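Close look at the chain arrangement
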Amino acid sequence: MAERVIPLIDQRSRLMAVPRGAQLLPKSGQLVDTLGRPLRDLRISVTDRCNFRCSYCMPKEVFDKDYQYLPHASLLTFEEITRLARLFVSQGVHKLRLTGGEPLLRKGIESLIEQLAALRTPDGEPLDITLTTNGALLTRKARALKAAGLKRVTVSLDGLDDAVFRRMNDVDFPVAEVLAGIEAAHAAGLGPLKVNMVVKRGTNEQQILPMARHFRGTGITLRFIEYMDVGATNGWRMDEVMPSAEVIDLLQSEYPLVPLEPASPGETAERWGYAGADGRYDPALGEIGAISSVTRAFCGSCNRARLSTEGSVYLCLFASQGYDLRTLLRGGASDDEIQSAITAIWQGRTDRYSELRASLPSQPGQASARRVEMSYIGG
């Protein structure tokens, strides 16, 4: 087995100057990048902290008690986040996803959700506001999140076996508490609920079928995510990736599946529905999703931008540099100036890392050392 290399490098300061001079789009126009991809989804990281230490995201060897997190003054305030979100919405964004780190660690996040829930598209439509969480704090926060205006949640859960789950979160957190959080979210009406399972070969692939059995017929969509080479610290290796095709084959060995159409443009998950006795999709049994960003890239339809905890825009989960909007915010820039910057940033976008992965350097650490951590820009 190849030696694991975890480079200790901090990419948070690698910011590019915001491009200037772009013309604002007419209200009827559509903002697209160099490959014709529209801007529709903004993922907002509200904290770089997390109460888990999953090896594929925030390994304990790096994110230890001495790790320097961002000081509070560097984080965007809720009012700054809302202002930027409003300007992104004016440029075509319809969906806002709050991420982290673990977003429920951000004090008073319900207040932010209330502010975001008041935003409207240029056509007067409410936004799709959702949040991704590890579920540890959901039992105590689910009802308040729903009351604040959150529509739905996605919970990360990498297995049902308690020993496997504790080993993966690396803080000895019990799976029962996450399951209780999922039930609390369901009871609060935060749905349709999704559960994300990162599949890492040699670690938790034996949990695929138990997870499917548990969530089948519950109304909760289980999605299997290929282990990805995000950031610079998770020691990623291709031999630890279990391709989604293998996951689907394994599921098909127990449950007949029927391919389903994408629910929306730019959807990352390939959808499969459980078949009933007649061989056709049975909605009562539900569906699963497969996110194949390593073996079957979906860059061609990617419509997502990411706003980091301290106000930088990243155009790809695998980006190495972001664009600093916080300086504009705190430097007195007008809405038109910030909108112009957003337009220029997106119009210049060329990112398609997953499609190009095979042609990039394969030496351990070489390709990833330049990339920003997922915990800083959200998943």
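See the structure above.
Reference entry: report on the structure contained in this document. Keep in mind the model is a prediction, meaning the values are calculated, not measured. (Residues numbered from 1 in each chain as written. Predicted model: local features only at pLDDT ≥ 70, side-chain atom pairs only at ≥ 80, totals over all residues. Heavy atoms only, no water.)

Where side chains of opposite charge bring their charged atoms close, a pairing between them can arise. With the rule as written, the count across this model stands at 19 salt bridges. A salt bridge links R213 to E254; the shortest N-O distance between them is 2.7 Å. With R213 in helix α6 (residues 208-215) and E254 in the loop between α7 (244-252) and β8 (257-259), this residue pair connects regions lying 41 residues apart in the sequence. Note on E254: relative accessible area 32%, which makes it partly exposed. (Salt bridge = Lys/Arg side-chain N within 4 Å of Asp/Glu carboxyl O. Helix = DSSP H or I, 4+ residues; strand = E, 2+ residues; numbered from the N terminus. Buried < 20%, exposed > 50% of the residue type's maximum accessible area, 1.4 Å probe, protein only.)

Burial runs high along strand β3 (residues 95-99): 5 of the 5 residues are buried. Both faces of β3 are covered, namely the face carrying K95, R97 and T99 and the face carrying L96 and L98. Note that strand β2 (residues 41-45) and β3 share 5 bridges and pair parallel. Of the residues in β3, the one forming a bridge with R43 is R97. Chirality of the crossover, the property in question, places the unit of β2, helix α1 (residues 78-90) and β3 among those that are right-handed. Note: β3 against strand β4 (residues 128-133), 4 bridges, orientation parallel. (Pairing = 2+ DSSP bridges. Right-handed = clockwise from strand over helix to strand, strands pointing away.)

Evaluation of the coordinates by the stated rule reveals 5 aromatic pairs. On the numbers, 5.2 Å between centres and 50° between planes, the contact of F52 with F173 is tilted. Remark: F173 occurs in the loop between α4 (162-169) and α5 (175-188) and F52 occurs in the loop between β2 and α1; sequence separation between them is 121 residues. Assessed through its relative accessible area of 4%, F52 is described here as buried. An aromatic cluster of three or more residues is present, and its members are F52, F165 and F173. Sitting above the plane of the Y274 ring, R216 keeps its charged end 5.2 Å from the centroid. (Phe/Tyr/Trp six-rings, centres within 6.5 Å; stacked < 30°, edge-to-face > 60°. Lys NZ or Arg CZ within 6 Å of the ring centre and 35° of its normal.)

Attention now moves to empty space enclosed by the protein. In the structure shown here, the tally under the stated rule is 1 cavity of 30 Å³ or more. Per element, the largest residue contribution to the lining of the largest cavity is 3 residues, and it comes from helix α9 (residues 335-347). Along the lines of polarity and charge, the residues of the lining of the largest cavity split into 6 nonpolar, no polar and no charged. (1 Å grid on protein atoms, 1.4 Å probe; cavity = no way out; pocket = protein on both sides within 12 Å on 5 of 7 lines; lining within 4 Å. Points joined across faces, edges and corners; volume = space filled by probe spheres on them. Nonpolar A, V, L, I, M, F, W, Y, C, P; charged D, E, K, R; others polar.)

What follows concerns helix α2 (residues 109-117). Those residues of α2 lying buried are I109, E110, L112, I113 and L116. For α2, the arc enclosing every buried residue in end-on projection is 155°, short of the 170-degree limit, so these residues lie on one face. (Arc of directions from axis to C-beta.)

Geometrically, a packed helix pair is captured by the angle between its two axes and the distance between the axes. In the contact formed by helix α3 (residues 138-148) and α5, the axes pass within 8 Å of each other and the chain directions differ by 20°. Considered as vectors, α3 and α5 are oriented roughly parallel to each other. Here α3 runs over α5; the crossing is right-handed. Across the interface between the two elements, L138, T139, A142, R143 and K146 of α3 pack against E177, A180, G181, A184, A185, A187 and A188 of α5. (Axes fitted to C-alpha atoms, helices over the stretch in contact; angles between N-to-C directions. Parallel < 35°, antiparallel > 145°, perpendicular 65-115°, else oblique. Left-handed = near helix turned anticlockwise from the far one by under 90°. Contact = heavy atoms within 4.5 Å.)

Purely geometric numbers; function is a separate question.
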